[in-house]
Amino acid sequence: MINLNTPQLGLGPVAESSTDAMKISVLASGSSGNVTYIETPTHKVLVDAGLSGKKINELMQSIGRDLQDVDSLFVTHEHTDHAKSVGVLARKYGINVYANEKTWSAIAGKVGKIPLEQKFDLEAGEIQELDGLDVQSFPVSHDAIDPQFYEMHYGGKSFVILTDTGYVSERMAGVIKNADGYLFECNHDMDMLRMGAYPWPLKQRILGDTGHLSNEDGANALMEVLGNRTKRIYLGHLSRENNMKALAHLTVASMMTEKDYGVEHDFHLLDTDPDAATDLTIL
Ligand SMILES: [Zn+2]
Ligand SMILES: [Zn+2]
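What you see is a predicted model; the values in this text were computed from it and never measured.

A. Fine view of the overall build of the protein. Helices and strands together make up the secondary structure of the protein, namely nine helices and 14 strands. The C-alpha atoms of the protein give 18 Å as radius of gyration, which agrees with the globular expectation for 283 residues (19 Å, within 12%). Along the first, second and third principal axes, the C-alpha atoms of the protein reach 60 × 50 × 35 Å. Expressed as a percentage of the 283 residues in the protein, the buried residues total 46%. Long-range pairs, those at least 24 residues apart, make up 67% of the contacts in the protein between residues at least 6 apart in sequence.

B. Geometry of the UniProt feature "domain: Metallo-beta-lactamase" (unreviewed entry) in the protein. Under the present numbering, the feature "domain: Metallo-beta-lactamase" (unreviewed entry) in UniProt falls on residues 32-237. Measuring from the first to the last C-alpha atom of residues 32-237 gives 8 Å, for a span that is 32% helix and 26% strand.

C. Looking closely at the pairing of strand β3 (residues 44-47). Note: strand β2 (residues 35-39) against β3, four bridges, orientation antiparallel. Counted as the bridge partner of Thr-36 is Val-47 from β3. What sits between the antiparallel neighbours β2 and β3 is a turn of four residues. Relative to strand β4 (residues 72-74), β3 runs parallel, the two sharing three bridges.

D. Unusual backbone geometry, seen in detail. With a phi close to 70 degrees, Asp-48 is a non-glycine residue in the positive phi region. As for its position among the elements, Asp-48 is in the loop between β3 and α1 (53-62). Even without being glycine, His-237 reaches a positive phi, approximately 55 degrees. Position of His-237 among the secondary structure elements: in the loop between β12 (232-236) and α9 (245-258).

E. Local environment of the pairing of strand β11 (residues 181-185). The element β11 is largely enclosed, with a buried count of five among its five residues. The two faces of β11 match: Gly-181, Leu-183 and Glu-185 on one face and Tyr-182 and Phe-184 on the other face are all buried. Relative to β11, strand β10 (residues 157-162) runs parallel, the two being bridged by four bridges. Counted as the bridge partner of Val-160 is Tyr-182 from β11. Read as a crossover between parallel neighbours, the route from β10 over helix α5 (residues 170-176) to β11 is right-handed. Bridge count for β11 against β12 is five bridges, and the pairing is parallel. Residue Gly-181 lies in a different strand from β12, and its bridge partner there is Arg-232.

Rules used throughout
- Residues numbered from 1 in each chain as written.
- Chains lettered and ligands numbered in written order.
- Predicted model: local features only at pLDDT ≥ 70, side-chain atom pairs only at ≥ 80, totals over all residues.
- Helix = DSSP H or I, 4+ residues; strand = E, 2+ residues; numbered from the N terminus.
- Rg over C-alpha atoms; globule rule 2.2 N^0.38 Å.
- Buried ≥ 20, exposed ≤ 12 C-beta atoms within 10 Å, placed from the backbone.
- Contact = placed C-beta atoms within 7 Å.
- UniProt positions renumbered as here; feature names shortened; annotations may be inferred.
- Pairing = 2+ DSSP bridges.
- Right-handed = clockwise from strand over helix to strand, strands pointing away.

This is how it looks when you write it as structure tokens:
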């Protein structure tokens, strides 16, 4: 029987109130380190820990939050810019860590000992439920052992984190369609990468199917997936060497405007920073 006095998550205006909504801050994003913070009234969660524990603590302070209060960390893959302080966060802050089995095996030697009761297995395609916050994992194409990214669902809203992929498949696009918010990869400007100082094998790696999305790739994929619900798009994982914030923003904005997407009317395009957190925002 449905109790009409109980607010039904996802159906009513519940998520509009600031006390029962998902809030997000991209604490840091870029080739040098990635951490995203998501909170609900009952959980404080990080996706990736690609900076030192000390730096993540500072970034948390900058948005008025305490790393001590974080309960869960979802790891996308073993690259250092995502997994650097997984061990520290588990041991020093008692945070539960979720990753798939292969990623666990890949980080085992790098992150030190993590208490067994804080280690959780979450395979691609599975959903972890945390009191109404559903964390849905999905596989990507990237040169790590078993990379997966996450879509967070809470109170009828959804937030997708997708960086570190060589392309966006139709299947991935189907999973992440019409989310309320995205943190989406714009790793490099094609010309800066091509003409830049990176050795050719590294350029090939980045440009390949298991590398990273360029600004143009990011814009094209975003136009495939965004929908009438989409209100916030964070451009993330910019390369320090092969991209610039203004260039990524301008490329995506102009490609979308050319195709009649309502940039800054229907949704906001937002920048991220490798060293500074975005405002903690209700999604
Ligand atoms: Zn990576
Ligand atoms: Zn990365």
